[in-house]
Amino acid sequence: MKFLPIIAISLTNAYFSVAFSPLSASSTKIFRPPTKISFKEENETLDKTARDKKAGAGVATLPSGNLLLFDPNEQGKFQGTNFLELRTSAGAAFVPPPPPAATIIAEIPPADAIVEDTEHFLEHLDVDGNLPLNFAKPQAPATATVLGRAKLITDDAPGDIEHVVLRLPEGFHYVEGQSLSVIPPGTDPKTGRNHKPRLYSIASTRYGDLLDGSTISLCVRRAEYYDPVTGIVDPAKKGVCSNFLCDVKAGDVVSVAGPVGKTMLLPKDPTKDVIMIATGTGIAPFRGFMHRLFMENTLARHMFGGTAWLVLGVPVSGGLLYKEEFDCMMRNAAPGQLKIDYAISREMTNSIDGGKLYVQHVIAQNGKELFERLDAGAHVYFCGLKGMMPPILETLENVAKERGLVWSDKLAELKKNDQWHVEVY
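Residues numbered from 1 in each chain as written. Predicted model: local features only at pLDDT ≥ 70, side-chain atom pairs only at ≥ 80, totals over all residues. Heavy atoms only, no water.

(A) Looking closely at the sheet that holds strand β12 (residues 379-384). The strand order across the open sheet built from 5 strands is β11-β10-β9-β12-β13, with neighbouring strands paired in parallel fashion. What marks the edges here is a single partner per strand, and that holds for β11 (338-344) and β13 (420-424). Taking the axes of each pair of neighbouring strands and ignoring which way they run, one obtains an average angle of 10° across the sheet. Here strand β10 (residues 308-314) pairs with β11 via 7 bridges, running parallel. Across the sheet, the residue bridging to L310 is I340, located in β11. (Pairing = 2+ DSSP bridges. Helix = DSSP H or I, 4+ residues; strand = E, 2+ residues; numbered from the N terminus. Axes fitted to C-alpha atoms, helices over the stretch in contact; angles between N-to-C directions.)

Shown next as structure tokens:
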């Protein structure tokens, strides 16, 4: 029995292997060259060989030994450890080096370190996509205690809007952008059953206005119905829950449920812009956003690398909600990181038709910038009365058309990328 080498070459991993396979004496004949070859066949073979060499086939196009074709250290199982070079140079004496030392967290920071107190004990609430949901349900609500209430607008502004702070029971937590259900006391005279829960956007961060993680704040407009003939408030048609909240006093108890909501959360990527468009009490979730990004000393604030842009619509200057807080945030924010536009409808005019200025006009006047930010990955949020959305959508469609875009396609893209967030009521 004869053994002939079978040489297998793999260019994929740059290894050469030689195997020996037994062949019978008769089978070796198939490897013998033909005893005769015609002059024509010989010339064709030579011509083909020359052509192949000229084209680079069969000829090394890279210098040998430089690992340009394949570097086992980077592309193989050595994964950048340089073990290949160490093995080659050390030979049999090679000993793998010890792994890198683990990062050591100092109990006492170095003398030159800058140390700050931060809010951090509730940062786990939304880690890895987890959210606090339904600590209590409407059928079995929890009891919150009123800590305080304050009117937010001046007397010359229409209506009544109150800021209400509640102490939550232990373990009841939430994150920015979620909502709280409030069950007003008493029963519905039409059904004889308990009142249905009313949903309110949360106006504070997870740490609350007291920064102890146990409070929650609401921004509530008193719902009243004015008789169109007499101009007098009809108490029979007043909002049950809003009037209850706008009249509470410190020490009162409130039945609450929740939290709920997954659609109005801040972007996971802290480098993305946050565009917030609100009318009236729709400012609530954005107050929470802005306190987290520009007021509280949290990792979220330090990591935020985008631009926050607020557009708030109100009827008169006396109705600007939380303006003193926002003015402070403007001072805290890095240059260009916070932008605020107010649309005060009864006091401002738009540059489009000279009429009253509403939030949709602010969008139209800044359409180019808005779309450029959206194209760069910005998240846009809308909150307020549902009547705000039709003129906003019409405006966005017009801006898209001016830019040569089909708005329905752009909207679908924003929703697919989770850049579009709406909470209206």
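(B) Representation of the packing of aromatic side chains in the model. Taken as a whole, this structure holds 10 aromatic pairs when the rule is applied. Plain terms: the ring middles of F135 and F172 are 5.0 Å apart, the flat faces sit at 45° to each other, and that makes the pair tilted. You can see F135 sitting in the loop between α3 (83-90) and β3 (142-151) and its partner F172 sitting in the loop between β4 (161-167) and β5 (179-183), a full 37 residues away along the chain. Each ring, one from F294 and one from F304, has its centre 6.0 Å from the other, and the planes form 85°; the classification is edge-to-face. A residue pair is termed long-range when its members are at least 10 positions apart, and F294 in helix α5 (residues 284-294) and F304 in the loop between α6 (299-303) and β10 qualify at 10 residues. A residue is classified by how much of its surface remains accessible, and F294, at 2% relative accessible area, is buried. On the basis of relative accessible area, F304 is assigned to the buried category, the value being 8%. Each member of the aromatic cluster is reached from another via a ring pair, and the members are F371, F382, W407 and W420. The aromatic ring of W309 is capped on one face by K339, whose charged end is 4.0 Å from the ring centroid. (Phe/Tyr/Trp six-rings, centres within 6.5 Å; stacked < 30°, edge-to-face > 60°. Buried < 20%, exposed > 50% of the residue type's maximum accessible area, 1.4 Å probe, protein only. Lys NZ or Arg CZ within 6 Å of the ring centre and 35° of its normal.)

(C) View of the pairing of β4. The element β4 is largely enclosed, with a buried count of 6 among its 7 residues. Note: β3 against β4, 6 bridges, orientation antiparallel. Across the sheet, residue G148 finds its bridge partner in β4, namely V165. For β4 and strand β7 (residues 215-221), the ladder comprises 7 bridges, and the chain directions are antiparallel. The residue bridging R167 from the neighbouring strand is T215, located in β7.

(D) Region of the structure containing α5. Burial of α5 is extensive: 11 of the 11 residues sit out of reach of the surface. Considered for burial, the residues of α5 that qualify are A284, P285, F286, R287, G288, F289, M290, H291, R292, L293 and F294.

(E) Structural detail: the environment of Q139. Note that Q139 resides in the loop between α3 and β3. Accessibility expressed as a relative area gives 71% for Q139, which makes it exposed. Once the C-alpha coordinates of Q139 and I183 are considered, the two residues, 44 residues apart in sequence, prove to be 9.8 Å apart.

(F) Layout of the nonpolar core. The biggest cluster of nonpolar side chains holds 34 residues, and the ones touching the most others in it are I283, F286, M290, F294, L310 and F326. Tallying contributions element by element places α5 first for this core, with 6 residues. Beyond its immediate sequence surroundings of up to four residues, M290 is in contact with M276, M295, L310, F326, M329, L338 and I340. (Core = buried A, V, L, I, M, F, W, Y, C linked by side-chain atoms within 4.5 Å. Contact = heavy atoms within 4.5 Å.)

(G) Representation of the sheet that holds β5. Sheet architecture is open: 6 strands sit in the order β6-β5-β8-β3-β4-β7, paired in antiparallel fashion. Here the strands that pair on one side only, and so sit at the sheet edges, are β6 (198-201) and β7. Sheet twist, expressed as the mean angle between neighbouring strand axes with direction ignored, is 40°. The strands that helix α4 (residues 240-247) touches are β3, β4, β5, β6, β7 and β8 (253-260); relative to β7, the one it contacts most, it runs at about 120°.

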